[in-house]
Amino acid sequence: MYIYIYIYKYLPPKTHNHNLTNPYSSSRSSFLCPSAMATPFNSDAVVVEIPKTLLNLSFNQGGGRFTAATTDGFMVFNTDPFTQTLRRTFSSSGGGIGIAQSFADSNIYALVGRGPTANLPPNRVVIWDDQLRRCVYEFSYRSEVMSVRLRHDRIVVVLPQKIKVYDFSDLKLVHEMVTEHNPKGLCEISRTGPFVLLSLGLQKGHVTVHDYYRRRNKQFPAHDSDIACLSLLSDGKLFATASTKGTLIRVFDSTDGSLLQELRRGFERAEIYSLSFCPTAPQLAVSSDKGTIHVFNINIVDSNLRINGWLNAELKELAPPPVSRFSFIKGYLPKYLSYEWSVAHFRVKEGLRHMVSFGKEKNTLDIIGVDGRLYRCKFDPEAGGEMTTLESHNFIQTEYN
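Residues numbered from 1 in each chain as written. Predicted model: local features only at pLDDT ≥ 70, side-chain atom pairs only at ≥ 80, totals over all residues. Heavy atoms only, no water.

What follows is about the overall build of the protein. Regarding its fold elements, the protein presents one helix and 36 strands. The long-range fraction of contacts in the protein, counting pairs at least 24 apart against all pairs at least 6 apart in sequence, stands at 46%. A total of about 18400 Å² of accessible surface is found on the protein, and carbon and sulfur atoms cover 49% of it. (Helix = DSSP H or I, 4+ residues; strand = E, 2+ residues; numbered from the N terminus. Contact = heavy atoms within 4.5 Å. Areas by Shrake-Rupley, 256 points an atom, 1.4 Å probe, with all protein chains shown as cover.)

If you want it as structure tokens, here you go:
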């Protein structure tokens, strides 16, 4: 597949101080950007045809919006209705962006370079103000940046064995922690309420919950093998994990680390690509290299439960998840026969990385793949079975209007 890229000559802008405004705060801070980036806006540009390659895909925390980082810049899309809301092309050669994260629905993005010809080094996080169309601040490190997480008051930078947390209002470092070796950059943060951060622990198969409101950090065992994927409920009260075996997904209480539910993805070893809690209903979605997207019902019965709008009545109304027909004698059979199974599923291309996020409409799921396809699907949380495709788009070929 091909797209049109504009190549032109420009003079780098002089270094200036710029005001980076937190859209959720009235305070302003002035920052100096040592290496400004330029954007191709030139009516005299020469048009050439080169292939665009996806380097990274990520949903925003609220769902309904995702960012595609490519070999020449990044793009932003809404899923419902499907529209491309932003496209920034930095260079025909050297504009590779490996990480692109947005501050909620603001014009501020965190960018990290990737690719053999990227102008931005992989050990630098650039804060990009799309209203000014330039870099307004940057963080540099001695090691490669593995991932970045953002919310309205925090910037979280994940390094191979460290995580650094910055205050968004003044960009000062407020916390630094050491983790087990983390080549995938695994880390999740709460979207609403007090700031909670979920990271790898200091031991194999362990995770650490950092509760900044209560000022406590607790490490919990999750698996015997290495952690492969993490997810945190938007208010930080539950978290889910998968190991490198990829057969089980476990759901935990963030406050005390107690195991609440075990979900069976399958029996064969698999690489888990994505875990995603639904922000409005007790459901969890999972993608893996086996080519099947699963949706599980989260069944936690507690008279005092009120998790991010999940009322106890809603939990009781859900049909119980499918279990083995041998579960009535589970005390006499291997434990795997009594694990809970998914209630809905959807098939995608096997071995191709896909990310999942629940849609804005009830009982819908958004699926994006590195092949450049978006699927919007609907499922029945009670009857279960195969999901229905509502629409499908090739977003890599979408023209920006």
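A few words now on the sheet that holds strand β24 (residues 259–264). Strand order across the open sheet formed by five strands is β21-β22-β23-β24-β30, with mixed pairing between neighbours. Single-partner strands in this sheet number two, and they are β21 (227–232) and β30 (340–341). Note: β21 against strand β22 (residues 238–243), five bridges, orientation antiparallel. Along β22, the bridge assignment pairs leucine 230 with threonine 241. (Pairing = 2+ DSSP bridges.)

Okay, the pairing of strand β26 (residues 283–288) next. Within β26, six of the six residues are buried, which leaves the element mostly enclosed by the surrounding structure. Across the two faces of β26 the burial is the same, with Gln283, Ala285 and Ser287 and Leu284, Val286 and Ser288 all buried. Sheet topology places strand β25 (residues 272–277) next to β26; five bridges connect them, and they run antiparallel. Across the sheet, leucine 275 pairs through a bridge with valine 286, a residue of β26. Taking the residues between adjacent antiparallel strands as the criterion, β25 and β26 are bridged by five residues. (Buried < 20%, exposed > 50% of the residue type's maximum accessible area, 1.4 Å probe, protein only.)

Take the pairing of strand β15 (residues 162–167) next. Most of β15 is tucked away: five of the six residues are buried. Taken together, the five bridges between strand β14 (residues 154–158) and β15 define a ladder with antiparallel strand orientation. Pairing of valine 158 across the sheet is with isoleucine 163, part of β15. From the end of β14 to the start of β15, which pair antiparallel, there are three residues. Inspection of the sheet shows β15 paired to strand β16 (residues 173–178) by five bridges, in the antiparallel sense. Looking at β16, one finds that isoleucine 163 is bridged to methionine 177. From the end of β15 to the start of β16, which pair antiparallel, there are five residues, and leucine 171 there has a positive phi angle of about 60°.

Confidence along the protein averages 82 in pLDDT terms, with 76% of residues attaining 70 or more. Within the model, the stretch residues 1–50 combines pLDDT values under 50 with 119 contacts to residues more than four positions away or in other chains. Ignoring residues within four places in sequence, the model shows residues 311–319, a span with pLDDT below 50, making 23 contacts including any to other chains. (pLDDT = per-residue confidence, 0-100.)

Further remarks concern the packing of aromatic side chains. Counted according to the given criterion, the structure contains 16 aromatic pairs. An aromatic cluster is present here, built from Phe59, Phe66, Phe77, Phe82 and Phe395 joined pairwise through their rings. (Phe/Tyr/Trp six-rings, centres within 6.5 Å; stacked < 30°, edge-to-face > 60°.)

Before going further, it helps to examine the environment of threonine 247. Its location among the elements puts threonine 247 in the loop between β22 and β23 (248–253). Taking C-alpha positions, threonine 247 is 6.6 Å from glutamate 268, a pair spaced 21 residues apart along the chain. Those residues in contact with threonine 247, other than ones at most four positions away along the chain, are Leu263, Arg264, Arg265, Gly266, Phe267, Glu268 and Arg269.

Another point: the pattern of salt bridges. Enumeration according to the criterion identifies 18 salt bridges in this entry. With a closest N to O distance of 3.3 Å, aspartate 80 and arginine 376 form a salt bridge. Taken together, the positions of aspartate 80 in the loop between β7 (73–79) and β8 (82–89) and arginine 376 in strand β34 (residues 373–378) put the pair 296 residues apart, joining distant regions of the chain. Two residues, glutamate 176 and lysine 164, come together in a salt bridge whose shortest N-O distance is 3.1 Å. You can see glutamate 176 sitting in strand β16 and its partner lysine 164 sitting in strand β15, a full twelve residues away along the chain. Exposure remark for glutamate 176: the relative accessible area of 35% places this residue in the partly exposed category. Of the residues examined, lysine 164 reaches a relative accessible area of 13% and is grouped as buried. One network of salt bridges, with partners in common, ties together Asp80, Glu361, Asp366, Arg376, Lys378 and Glu391. (Salt bridge = Lys/Arg side-chain N within 4 Å of Asp/Glu carboxyl O.)

Membership of the largest hydrophobic core comes to 19 residues, with the highest contact counts inside it found for Val125, Val145 and Ile155. Listed by contribution, the elements that provide at least two residues to this core are β10 (108–113), β11 (124–129), β12 (134–140), β13 (147–151) and β14. Per-element accounting of this core gives the leading share, three residues, to β10. Not counting the four nearest positions on each side in its chain, valine 145 is found in contact with Ile99, Val112, Arg114, Pro122, Asn123, Arg124, Val125, Val157, Val158 and Leu159. One finds Ala285, Phe358, Leu365 and Cys377 within the second-largest nonpolar core, a separate group that totals 17 residues. (Core = buried A, V, L, I, M, F, W, Y, C linked by side-chain atoms within 4.5 Å.)

Pairing is mixed in the open sheet, where five strands are placed in the order β25-β26-β27-β31-β35. The sheet terminates laterally at β25 and β35 (385–386), the two strands that pair on one side only. As defined by bridge partners, strand β27 (residues 292–297) adjoins strand β31 (residues 344–347) across four bridges and the pair is classed as antiparallel. Across the sheet, the residue bridging to threonine 292 is arginine 347, located in β31.

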